[in-house]
Amino acid sequence: MKYPTGFLCAAAVLVLVWADESLERDTAKQWAHPSGEKPSSGHSNIDARATDPARALVQAFTLEIGSERENRIRDLLSAWALRDAEAALGWVSAVEDPAARRSARSTVCLAVAEKDPRRAVTLALAHGTDQDDDCGLLECLTMQWCEKESEAALNWTREQPPGEWRDRLLARASFVLSKSDPAEAARLVSGLEPGTVQDEAAMAVLHQWALKDSSAALRWAEAFSEPTLRERALAEISNLRNLTTSLREVR
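Since the structure is predicted, the reported quantities are computational estimates derived from the model, not experimental observations.

Participant: Before we go on, may I ask you to explain helix H7 (residues 117-126) in this structure?
Facilitator: Since the α-helix turns once every 3.6 residues, residues separated by three or four places project in the same direction. Considered for burial, the residues of H7 that qualify are Pro 117, Ala 120, Val 121, Leu 123 and Ala 124. Around the axis of H7, the buried residues are gathered within 165° of arc, so they sit on the same side. Pointing more than 90 degrees away from the buried face of H7 are the exposed residues Thr 122 and Ala 126. The inward-facing, buried residues of H7 contact helix H5 (67-93), helix H6 (98-113), helix H8 (137-148) and helix H9 (150-158).

Next up, the structure:
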């Protein structure tokens, strides 16, 4: 099944996107070595990665535009995040271009989240990420946090100001929860405000529930008050049942 839009962390969050070549040159100049020294190559590059990641990033900016350059920048930021996330985010906060800054901040926070998603959420909020962040960083981090500490993540999410942003965070959490406790995830979705966010959350939870217990999922779907959503949910369960039957016949 194709999961509802917004339920999987977008690949764009993980890749640094720089608007154009002139922006990249300006960014490189912005972070040039204080002495004015031209970025060097060879073994000094390797040393810089460990001892002076900011300088190593400037060197990465001088590479030809393409995936190699983007991967190098992402790898440098991720490695720096594991050693000193505060310093990495401090560097990122001075990047002038908003899109580049958001992308770089996402790279750092997602690297931290691999080991400590709770801290990643705290760092993201402390360094400028908020509900208007169109990269969906906090939604991704909330999902990762919920996978490791569901109760703590849910408590934090419920404490956020009511509104669409909190509902999006709860929708992420409900998807994670549906893999282990779909009934509880369904109750969580039922508390969201009616609308697109709730509908897509319901479909994601329904899919996971139907994989575990299609009869229970069917009873939940039949109780949906909105006709279009109910028909969509019933069709989803029917498709999953047909697929399961076909797979059994093949075996």
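Participant: Mind showing me how you'd approach the environment of Val 176 here?
Facilitator: Along the chain, the position of Val 176 falls in helix H10 (residues 164-178). Along the chain, Val 176 and Thr 142 lie 34 residues apart, while their C-alpha atoms are 9.8 Å from each other. Other than its neighbours up to four places away in sequence, Val 176 contacts Met 143, Cys 146 and Glu 147.

Participant: Looking at this model, I keep getting lost on the packing of helix H12 (residues 196-212) against helix H13 (residues 214-222). Mind explaining?
Facilitator: Working note: a packed helix pair is described by the angle between its axes plus the distance between those axes. Contact geometry of H12 with H13 gives a least axis separation of 6 Å together with a crossing angle of 150°. Of the possible angle classes, the one that applies to H12 and H13 is roughly antiparallel. Taking contact as the criterion, the partners of Ala 202, Val 205, Leu 206, Trp 209, Ala 210 and Lys 212 in H12 are, on H13, Ser 214, Ala 216, Ala 217, Trp 220 and Ala 221.

Participant: I keep staring at the pattern of salt bridges and nothing clicks. Help me out?
Facilitator: Side-chain pairs of opposite charge can arise where the charged atoms are in close proximity. The final tally for this structure, using the stated rule, is seven salt bridges. Notably, a salt bridge pairs Arg 168 with Glu 139, separated by 2.7 Å at the nearest N-O pair. Here Arg 168, found in helix H10, pairs with Glu 139, found in helix H8; they are 29 residues apart in sequence, far enough to count as distant. A relative accessible area of 22% places Arg 168 in the partly exposed class. Linking Glu 184 and Arg 187 is a salt bridge whose minimum nitrogen-to-oxygen distance equals 2.9 Å. Placement of the pair is Glu 184 and Arg 187 together in helix H11 (residues 182-190), with a separation of three residues, close to one helical turn. Looking at Glu 184, the relative accessible area reads 27%, which means it is partly exposed.

Participant: It is not clear to me how the environment of Asn 71 should be interpreted in this structure. Could you clarify?
Facilitator: Mapping Asn 71 onto the fold places it in helix H5. A relative accessible area of 31% places Asn 71 in the partly exposed class. In sequence terms Asn 71 and Ala 60 are 11 residues apart; their C-alpha atoms lie 9.5 Å from each other. Only 3.0 Å separates the side chain of Asn 71 from the side chain of Arg 74, close enough to count as a polar contact.

Rules used throughout
- Residues numbered from 1 in each chain as written.
- Predicted model: local features only at pLDDT ≥ 70, side-chain atom pairs only at ≥ 80, totals over all residues.
- Heavy atoms only, no water.
- Buried < 20%, exposed > 50% of the residue type's maximum accessible area, 1.4 Å probe, protein only.
- Helix = DSSP H or I, 4+ residues; strand = E, 2+ residues; numbered from the N terminus.
- Arc of directions from axis to C-beta.
- Contact = heavy atoms within 4.5 Å.
- Axes fitted to C-alpha atoms, helices over the stretch in contact; angles between N-to-C directions.
- Parallel < 35°, antiparallel > 145°, perpendicular 65-115°, else oblique.
- Salt bridge = Lys/Arg side-chain N within 4 Å of Asp/Glu carboxyl O.
- Polar contact = N/O pair within 3.5 Å; in protein donor to acceptor, adjacent residues only side chain to side chain.

Structural measurements only, silent on function.
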